[in-house]
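# A look at the structure
Chain by chain, the residues run as shown.
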Amino acid sequence: MVLEDSPLTNAGYGSNLTWNGAVECDASIIDGSNMHYGGVGAVSGIKNPISLAKLICENQNLKMSFGRIPPCLLVGHGAHEYAIANNIVTVDPSNLISEKSKKDFVHNKYKVINQKYSNCQTGNSRLDTVGCVGMDKFGNVAASSSSGGILLKQNGRVGQSALLGSGCWAQMSDDIAIAVTTSGCGEHLIKTNLAKEMSRHLFNSPCPTMAITKCFNEDFLYSPLLRNYNEKLAGALVLFKNRDCCEILSAHTTKSMCIAYATENNKNSYVSRLMTNTLPGTSVMVQGYPL
């Protein structure tokens, strides 16, 4: 919620605007202890989309009459109605538009409409989904993701941040706990189901750094699902714990990725960058830090 409230991030307040000039947010969360998940897509007027996703996740335990099943993913107007019915804070949709996002919208839509650039590429827009992974004192893990989506996206578009397996994943066994959240081009992440695939690699490898590198190469950069794309942009934040260690790991094919973490006794933040002379979308940078 802190990240969503900041105008510096592309989530909640200050999100990128759609083609029609609206804020439409995606968010999701998964509880690794029971694999319950809640997600929202293309929602407007919700101050903190992650709070609605969390409520949907917690309500997976509800018993409903006539054999009905509690929803795990809600979108658009229906998600907004669900938020109001459950006392989630709603606001006038215009209150989520920052001056920066408005200026970016006007500038880049003008460029696209007038086709001043051959590829109509938008510039200086915030592409970063925000995500969090965490572990409580009992060793239970969770992962979450929140995003305003790509600048000038089609109204109603839902990105990976709303979807289980592509936006976030958390899973536990007797020996291992893993939580993953992703960022980048939503369509690429949805096609490759990157968060879930990364967890699968981590469960089957003795070295988390090698597992993440292998996953990015096999299931993302060289995935047959993305063979028609030249630039493949993604980032991932991973919390990994086994009997021997606990690590926070980051990986990205984007030019840079901002990471922060905190424990009871330590906190740190840093910007990870691709190696010099490496083109974004063509190789992956992986780093790990013991906790």
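Residues numbered from 1 in each chain as written. Predicted model: local features only at pLDDT ≥ 70, side-chain atom pairs only at ≥ 80, totals over all residues. Heavy atoms only, no water.

Where an unreviewed UniProt entry is consulted, the protein chain appears under the name Threonine aspartase 1, with the organism given as Aphis gossypii.

### Side note on the packing of aromatic side chains
Enumeration according to the criterion identifies 3 aromatic pairs in this entry. With centroids separated by 4.8 Å and ring planes inclined at 45°, the aromatic side chains of Tyr-270 and Tyr-289 adopt a geometry described as tilted. Of this pair, Tyr-270 sits in strand 11 (residues 267-273) while Tyr-289 is found in strand 12 (residues 285-290), placing the two residues 19 residues apart along the sequence. In this structure Tyr-289 comes out as partly exposed when scored by relative accessible area, which is 24%. Here the aromatic residues Tyr-261, Tyr-270 and Tyr-289 are joined through ring pairs into a cluster of three or more. (Phe/Tyr/Trp six-rings, centres within 6.5 Å; stacked < 30°, edge-to-face > 60°. Helix = DSSP H or I, 4+ residues; strand = E, 2+ residues; numbered from the N terminus. Buried < 20%, exposed > 50% of the residue type's maximum accessible area, 1.4 Å probe, protein only.)

### Some points on the sheet that holds strand 1 (residues 25-31)
Each strand in a sheet pairs with another by means of backbone hydrogen bonds, the pair being arranged parallel or else antiparallel. Strand order in the open sheet made by the 5 strands is 3-2-1-5-4, with mixed pairing throughout. The open sheet is flanked by strand 3 (73-75) and strand 4 (130-135), the only strands paired with a single partner. Ignoring strand direction, the axes of neighbouring strands in this sheet form an average angle of 5°. Two elements, strand 4 and strand 5 (residues 141-147), share 6 bridges in a ladder whose sense is antiparallel. Considered in strand 5, the bridge of Gly-134 is made with Ala-142. Where helix 2 (residues 49-58) meets the sheet, its contacts fall on strand 1, strand 2 (36-43), strand 3 and strand 5, and the angle it forms with strand 2 comes to roughly 140°. Here helix 3 (residues 76-85) sits on the sheet and contacts strand 2 and strand 3; the angle it forms with strand 3, its principal contact strand, is near 110°. (Pairing = 2+ DSSP bridges. Axes fitted to C-alpha atoms, helices over the stretch in contact; angles between N-to-C directions. Contact = heavy atoms within 4.5 Å.)

### Brief notes about helix 7 (residues 208-221)
Helix length check: helix 7 (14 residues) gives 18 Å between terminal C-alpha atoms against 20 Å at 1.5 Å per residue, within 8%. All of the buried residues in helix 7 are Pro-208, Ala-211, Ile-212, Cys-215, Phe-216, Asp-219, Phe-220 and Leu-221. Tucked inside the fold, the buried residues of helix 7 contact helix 5 (186-192), helix 6 (194-203), strand 8 (234-241), strand 9 (246-252) and strand 12. (Expected span 1.5 Å × (residues − 1).)

### Notes on the UniProt feature "active site" (unreviewed entry) in the protein chain
Residues annotated in UniProt with the feature "active site" (unreviewed entry) correspond here to Thr-129. By the element assignment, Thr-129 lies in the loop between helix 4 (99-114) and strand 4. If we skip the residues at most four places from it in the chain, Thr-129 touches Ser-145, Ser-146, Ser-147, Gln-160, Ser-161, Thr-182, Ser-183 and Gly-184. A polar side-chain atom of Thr-129 sits 3.4 Å from a polar atom in the side chain of Ser-147. (UniProt positions renumbered as here; feature names shortened; annotations may be inferred. Polar contact = N/O pair within 3.5 Å; in protein donor to acceptor, adjacent residues only side chain to side chain.)

### A short note on the packing of helix 2 against helix 3
Close contact between helix 2 and helix 3 brings their axes to 11 Å; oriented N to C, the two are set at 80°. By the criterion of interaxial angle, the relationship of helix 2 to helix 3 is roughly perpendicular. Here helix 2 contributes Leu-52, Leu-55 and Ile-56 to the contact with helix 3, which in turn contributes Ala-79, Tyr-82 and Ala-83. Its residues placed into classes, the contact of helix 2 with helix 3 shows 6 nonpolar, no polar and no charged. (Parallel < 35°, antiparallel > 145°, perpendicular 65-115°, else oblique. Nonpolar A, V, L, I, M, F, W, Y, C, P; charged D, E, K, R; others polar.)

### Describing unusual backbone geometry
Phi is positive for Leu-152, which is not a glycine, with a value near 65°. Locating Leu-152 in the fold gives a position in the loop between strand 5 and strand 6 (168-172). The phi angle at Asn-277 is positive, at roughly 70°, despite the residue not being glycine. Structurally, the position occupied by Asn-277 is in the loop between strand 11 and strand 12.

### Quick word on the pairing of strand 9
Counting buried positions along strand 9 yields 7 of 7 residues, so the element is predominantly enclosed. Because side chains alternate across strand 9, one face comprises the buried residues Cys-246, Ile-248, Ser-250 and His-252, and the other comprises Glu-247, Leu-249 and Ala-251, equally buried. Alignment of strand 8 against strand 9, held across 7 bridges, turns out to be antiparallel. Looking at strand 9, one finds that Ala-236 is bridged to Ala-251. Between strand 8 and strand 9, which follow one another and run antiparallel, lie 4 residues. The pairing of strand 9 with strand 12 spans 6 bridges and is antiparallel. What sits directly across from His-252, in strand 12, is Met-285.

### Section: the sheet that holds strand 12
Pairing is antiparallel across the open sheet formed by 5 strands, whose spatial order is 6-7-8-9-12. Among the strands making up the open sheet, the edge pair consists of strand 6 and strand 12. Between one strand axis and the next, the sheet turns by 10° as a mean value, whatever way the strands run. Contacts between helix 6 and the sheet are confined to strand 6, strand 7 (177-184) and strand 8, with strand 6 contributing the most and set at about 30° to the helix.

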